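Remarks on the overall topology
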Amino acid sequence: MKKSKKSGGIAIPFLLTFLISLIIIGGAALIIYDKINSEDSSLVEMKNEGNSLSDADSHSILFVLDLSDSVDSAPEDYSSDDEDYSDDDYYDDNDDDYWDDDDMDSDNDDNEKEIYSEPYTFLLMRSAPVHKQITFIGLPSDMSVGGKTMKETYTGSGPSVLCKDTGSALNVEIDRYMVLDTEAFQKLCNIFGGANFVVPGGVKGFPSSAGEQYLGPQQMEKLISYGGFSGETQRISTAASLITAMVNQANGERIADNLDNTFDTLVNMTETDISALDYQEMKYGIKFLLKFTKPADDDSVSTRAKFITPYGKQSGDSFTVDEAFISELAPYFKEAEQDPESNSSDPDLQTMIPETGAANE
């Protein structure tokens, strides 16, 4: 009997202590859980607020394709007026595919004029995610900006000054720049998948065809830098048209899903003032634009991108853009005021918000 009493006396205090410990520990755990729950709720709310779009999410980037280290450009004393030539007589003696039997005739050799590649191509991009639209503007390398040509400004003062002077010449604000060499440009073309494109007639190295032909990265670079066009305006118009075709034909969802990797790759291959913070602010709009501009069916292409070509006056080696074109360009860079279509009420935006919330973590 004494042993039984002693065992009961020890068990009761032990049980009381155990119950009190459970209450204390459980209460603390409940407080911590409530705190975590509260933080999660506020985090979700912040994501939704950050994922609405407006005209303020539009941005502009000046792209520079700098092939000065990879192509044979014309010498400084070279003039296209030195000899008479035809585009049909052009050949590249570094590529056997450029030759045909007619080119081998000695009678034609005396009439041929060597055409050099253009080492610099300038392309201004205006992206307006809320309107699901990208606009490319090819800019002639001899366009006058700040009293010099774009080529002179870029080679003499660099891309930052070029951005400022080009913006002033066009009366627009250019937010950022990106300079691509041949490796970076071809990498970008590979990411997008090249383009089916109607090549202008008379361009040597491409099949003579009135229809579309597929152009891979090297062919795109060759066409964009081709120096045998009738003028610089035709060349940059072709360049803008080709890049537009590539962007429209790309699988938007695939590009959007891999956008983080694409940015990391390109930012390390290019000269740019686009920071990681800039990218974080822009990427939701870019992904939205890419994902919600699908073509109507599998047999058509997207219309997410378009291009425009500047016009003006050519005086010697300098091109001056027309004031009328500057006026036509302005609406692309102006934020709409009280535009009912320029806010997050778009049903596609509401669909996109939950999907991309985790991407901002």
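For the structure, see preceding data.
What comes next concerns the included structure. (Residues numbered from 1 in each chain as written. Predicted model: local features only at pLDDT ≥ 70, side-chain atom pairs only at ≥ 80, totals over all residues. Heavy atoms only, no water.)

**What to know about the overall build of the chain**
Secondary structure summary: the chain contains 12 helices and 12 strands in total. Split into buried and exposed, the 361 residues of the chain put 40% on the buried side. Within the chain, counting contacts between residues at least 6 apart in sequence, those at least 24 apart form 72% of the total. (Helix = DSSP H or I, 4+ residues; strand = E, 2+ residues; numbered from the N terminus. Buried < 20%, exposed > 50% of the residue type's maximum accessible area, 1.4 Å probe, protein only. Contact = heavy atoms within 4.5 Å.)

**Overview of the nonpolar core**
Generally speaking, a soluble globular protein has its nonpolar side chains buried in company with each other. Counting 48 residues, the largest nonpolar core has Leu223 and Ile243 as the members making the most contacts within it. For this core, the element with the highest residue contribution is helix 7 (residues 232–249), accounting for seven residues. The residues touching Ile243, leaving out its near neighbours within four places in the chain, are Leu123, Phe136, Phe185, Met220 and Ile224. (Core = buried A, V, L, I, M, F, W, Y, C linked by side-chain atoms within 4.5 Å.)

**Considerations on the packing of helix 6 (residues 217–224) against helix 7**
Their axes nearest at 9 Å, the elements helix 6 and helix 7 cross at an angle of 155 degrees. Viewed along their axes, helix 6 and helix 7 adopt a mutual orientation that is roughly antiparallel. Contacts from Met220, Leu223 and Ile224 in helix 6 reach Arg235, Thr238, Ala239, Leu242, Ile243 and Met246 in helix 7. In the contact of helix 6 with helix 7, the residues fall into seven nonpolar, one polar and one charged. (Axes fitted to C-alpha atoms, helices over the stretch in contact; angles between N-to-C directions. Parallel < 35°, antiparallel > 145°, perpendicular 65-115°, else oblique. Nonpolar A, V, L, I, M, F, W, Y, C, P; charged D, E, K, R; others polar.)

**Overview of the sheet that holds strand 1 (residues 59–66)**
Read from one edge to the other, the open sheet built from six strands follows the order 9-6-1-2-3-10, with strand pairing classed as mixed. Looking along the sheet, the strands with just one partner apiece sit at the ends: strand 9 (271–272) and strand 10 (305–308). The pairing of strand 6 (residues 176–180) with strand 9 spans two bridges and is antiparallel. Looking at the pairing, Val179 lines up with Glu271 of strand 9. (Pairing = 2+ DSSP bridges.)

**Observations regarding the pattern of salt bridges**
Evaluated as defined, the whole model comprises five salt bridges. Measuring nitrogen to oxygen at the nearest pair gives 3.2 Å for the salt bridge that ties Asp257 to Lys291. Residue Asp257 is located in helix 8 (residues 252–257), and its partner Lys291 is located in helix 10 (residues 276–291); the two are separated by 34 residues in the primary sequence. For Lys283, the salt bridge is made with Asp260, and the minimal N-O distance between the two is 3.5 Å. Separated by 23 residues along the polypeptide, Lys283 in helix 10 and Asp260 in helix 9 (residues 259–267) bring together distant segments of the chain. The exposure class assigned to Lys283 is buried, which follows from its relative accessible area of 3%. (Salt bridge = Lys/Arg side-chain N within 4 Å of Asp/Glu carboxyl O.)

Just geometry here; none of it tells us what the structure is for.
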